[in-house]
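Structural features, examined
Spelled out, the chains give:
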Amino acid sequence: MTTQEQKAIPIPQVEARASIPTQNLRVPGPTVVPPKVQAAQAAPMINHRGPEFAAIMKRVTLRLQYFFQTASPVLIYPASGTGGQESAIVNLFSPGDHIISITIGNFGDRFAKIASAFGLEVTRIDFPWGQAADPAVVEARLKEVAPYRGVLLTHNETSTGVTNDLQTLATLLRRLNPDALIVVDAVSSLGCVQLEMDKWDIDVVLTGSQKGWMIPPGMMMIAASQRAWEAHKSAKLPRFYFDWTLARKSLDSWQNPYTPALSLFYALDVALEMMLAEGREAIFERHARAGEYVRSRAKAMGLKLLSDHKNASNTVTAILAPEGIDTKTLLKKLREEDSVVFATGQDHMRGKMFRMGHLGFFSEADLAQAMDALEKQLHALGFQG
Ligand SMILES: *Cc1c(COP(=O)(O)O)cnc(C)c1O
């Protein structure tokens, strides 16, 4: 016997399993999964080293390249978007490298924190929540900083409902420092909003399955330019699971180095088919209409937006809580009485705003129902507008 007393672990007394409700899920990820995609995941398991998987892998990879608008291979990992941020850092840089982090909100902050956690020297260029990165400010700051290896930035900041003018920023960054790696978190924009990776000369683009791709969480997709692959060769940060070299080598035989999330591949295979049928530009237009609709409805109700300007996001809208309205009560009533689920504000904006996702699989009727319910509940809580 050990000196420690042996205690039996009892069978846990927990709530019985309940069925998952069908809701108008209007959070900016996870997003609604189309019935066809949901059904695809029920398919049986296959050997991930066999021909059935290779066929899926080839189809999915090539179609993702089309949506990334790149000739570079797209690597797929079982991870959420944050894993993509970490993957970019460990594959591109060496301890002590100086990098720039342009952040306009919570997810930009996270990217900078990961870089610091891995021992990089991070210079931040921050913008207040609700604003986009101002190219003139970025240019002025970059002219006074020490030499840097790369720049991290967010395409669409999900915490604030702001889309950076990525094309302008990427052009500027390339002009100021032709060798610096431009690393873009496009988790909540890719597949919804225009992003031309190769044409805009962006070095790394990463995204997550549960945002615009109409499949559940758990898959991260990332692509790297020729310049980034060169940098990768000499990058010294420790890495193993996320090592791009192995993933790229496996692609030669349309495989993953490690066991892939097969059910998510089944889902993505169908989702990409649906996206191609709709058309890339048509998808962008649907999101543009959605953003316009949500912003105009909110404003017509007398609500104020965190970002009411040309950089307002077409995938997520951040709505400020009106004076005297408790967002917790409002979101609870919407969830319980209308089956409409919004997201809270993050960080210092918790309780001060709420967010509505309009990305991936949605119809105009879904958005209208959510806005109608919001209007009704606001009136019930005494908001006059
Ligand atoms: C959702 C999201 C992430 C990653 O979050 P996960 O919860 O790890 O998927 C990163 N960046 C942005 C812009 C996001 O919207």
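Rules of the game
Residues numbered from 1 in each chain as written. Predicted model: local features only at pLDDT ≥ 70, side-chain atom pairs only at ≥ 80, totals over all residues. Heavy atoms only, no water. Helix = DSSP H or I, 4+ residues; strand = E, 2+ residues; numbered from the N terminus. Rg over C-alpha atoms; globule rule 2.2 N^0.38 Å. Buried < 20%, exposed > 50% of the residue type's maximum accessible area, 1.4 Å probe, protein only. Areas by Shrake-Rupley, 256 points an atom, 1.4 Å probe, with all protein chains shown as cover. Core = buried A, V, L, I, M, F, W, Y, C linked by side-chain atoms within 4.5 Å. Contact = heavy atoms within 4.5 Å. Near = heavy atom within 4 Å. Polar contact = N/O pair within 3.5 Å; in protein donor to acceptor, adjacent residues only side chain to side chain. Nonpolar A, V, L, I, M, F, W, Y, C, P; charged D, E, K, R; others polar. Pairing = 2+ DSSP bridges. Axes fitted to C-alpha atoms, helices over the stretch in contact; angles between N-to-C directions. Domains from an automatic or database assignment. Buried area = accessible area lost by both parts, 1.4 Å probe. Salt bridge = Lys/Arg side-chain N within 4 Å of Asp/Glu carboxyl O. 1 Å grid on protein atoms, 1.4 Å probe; cavity = no way out; pocket = protein on both sides within 12 Å on 5 of 7 lines; lining within 4 Å. Points joined across faces, edges and corners; volume = space filled by probe spheres on them. Expected span 1.5 Å × (residues − 1). Arc of directions from axis to C-beta.

Brief notes about the overall build of the protein
Helix and strand counts for the protein stand at 12 helices and 14 strands. Compactness check: the protein gives a C-alpha radius of gyration of 22 Å against a globular reference of 21 Å for 385 residues, within 12% of the reference. Along the first, second and third principal axes, the C-alpha set of the protein runs to 60 × 60 × 60 Å. Taking all 385 residues of the protein together, 56% fall into the buried category. Per element, the accessible surface of the protein, about 17,200 Å² overall, is 54% carbon and sulfur.

Focus on the nonpolar core
One broad rule of soluble globular proteins: the nonpolar side chains tend to lie buried together. Counting residues in hydrophobic clusters, the biggest one holds 87 residues, and the most contacted among them are Leu64, Ile102 and Ile202. Per element, the largest residue contribution to this core is 10 residues, and it comes from helix H9 (residues 262-278). Filtering out sequence-adjacent residues up to four positions away, isoleucine 202 remains in contact with Leu166, Ala170, Ile182, Val184, Leu195, Met197 and Ser225. Core analysis: the next-biggest nonpolar cluster, separate from the first, contains 23 residues, Leu330, Leu334, Phe362 and Met371 among them.

Brief notes about the site of the ligand
With respect to spatial proximity, 13 residues lie near the ligand, and among them Ser80, Thr82, Thr158, Asp185 and Lys211 are the closest. Contact between the ligand and aspartate 185: a nitrogen atom at 2.6 Å from a side-chain N or O atom of the residue. Between the ligand and lysine 211, the relevant distance is 2.7 Å, taken from an oxygen atom to a side-chain nitrogen or oxygen of the residue. When the ligand is considered free in solution it has 380 Å² of accessible area, and contact with the protein chains removes 89% of it. Counting only elements with at least two residues in the shell around the ligand, the list comes to helix H3 (81-92) and helix H4 (106-117). Residue composition of the shell around the ligand, by class: 2 nonpolar, 8 polar and 3 charged.

Some points on the sheet that holds strand S10 (residues 219-224)
On the basis of which strands lie adjacent, the open sheet formed by 7 strands has the order S2-S10-S9-S8-S5-S3-S4 and mixed pairing. On the outer flanks of this sheet lie strand S2 (74-78) and strand S4 (121-126), each paired with one strand and no other. Shown here is a sheet whose adjacent strand axes are inclined to one another by a mean of 20°, direction ignored. For strand S3 (residues 98-103) and strand S5 (residues 150-154), the ladder comprises 4 bridges, and the chain directions are parallel. Note on S5: the bridge partner recorded for serine 101 is leucine 152.

Structural notes on the sheet that holds strand S11 (residues 316-320)
On the basis of which strands lie adjacent, the open sheet formed by 3 strands has the order S11-S14-S13 and antiparallel pairing. Only two strands of the sheet have a single partner each, and these edge strands are S11 and strand S13 (343-344). For S13 and strand S14 (residues 353-357), the ladder comprises 2 bridges, and the chain directions are antiparallel. Within S14, the residue paired with threonine 344 across the bridge is phenylalanine 354. Strands in contact with helix H11 (residues 327-338) are S13 and S14; relative to S14, the strand with the most contacts, it is inclined by about 35°.

A few points about the domain arrangement of the protein
Taken domain by domain, the protein consists of domain 1 (24-32 + 280-380) and domain 2 (36-275). When each unit is reduced to the centre of its C-alpha atoms, the spacing between domain 1 and domain 2 is 26 Å. Here domain 1 packs against domain 2, burying approximately 2,300 Å² in sum over the two surfaces, 57% of which is carbon and sulfur. Our enumeration of links across domain 1 and domain 2 arrives at 0 salt bridges. Across the contact surface, domain 1 and domain 2 share 12 residue pairs in polar contact (both at pLDDT 80 or more). For the side of domain 1 that touches domain 2, the secondary-structure elements that each account for two or more residues are helix H10 (280-300), S11 and S14. Of the residues assigned to the side of domain 1 that touches domain 2, the class counts are 13 nonpolar, 12 polar and 4 charged.

Looking at the layout of surface pockets
When its volume is computed, the largest pocket comes out at roughly 330 Å³. Around the largest pocket, the lining residues are Ile20, Pro21, Thr22, Gln23, Leu25, Thr31, Val32, Val33 and Gln38. Approximately 220 Å³ is the volume attributed to the second largest pocket. In this structure, the second largest pocket is lined by 17 residues; those nearest its centre are His155, Thr163, Asn164, Val193 and Gln194.

Considering the side chain of threonine 315
Along the chain, the position of threonine 315 falls in the loop between H10 and S11. Residue classification places threonine 315 among the buried residues on the basis of a relative accessible area of 0%. Apart from the residues within four sequence positions on either side, threonine 315 is in contact with Asn156, Ser188, Cys192, Val193, His287, Met356, Gly357, His358 and Leu359.

Let's talk about H10
The first and last C-alpha atoms of H10 sit 30 Å apart over 21 residues, in line with the 30 Å expected at 1.5 Å per residue. The complete set of buried residues in H10 reads Arg280, Ile283, Phe284, Arg286, His287, Ala290, Gly291, Val294, Arg295, Arg297 and Ala298. For H10, the angular spread of buried residues about the axis comes to 165°, placing them on one side. Backbone geometry just after H10 places glycine 302 at a positive phi near 90°.

Structural notes on empty space enclosed by the protein
Scanning all chains against the criterion turns up 3 cavities of 30 Å³ or more. In this model, the largest cavity occupies a volume close to 50 Å³. Lining the largest cavity are Ile76, Tyr77, Pro78, Tyr241, Asn256, Pro257, Tyr258, Thr259 and Pro260. Among the residues making up the lining of the largest cavity, the classes are represented as 7 nonpolar, 2 polar and no charged.

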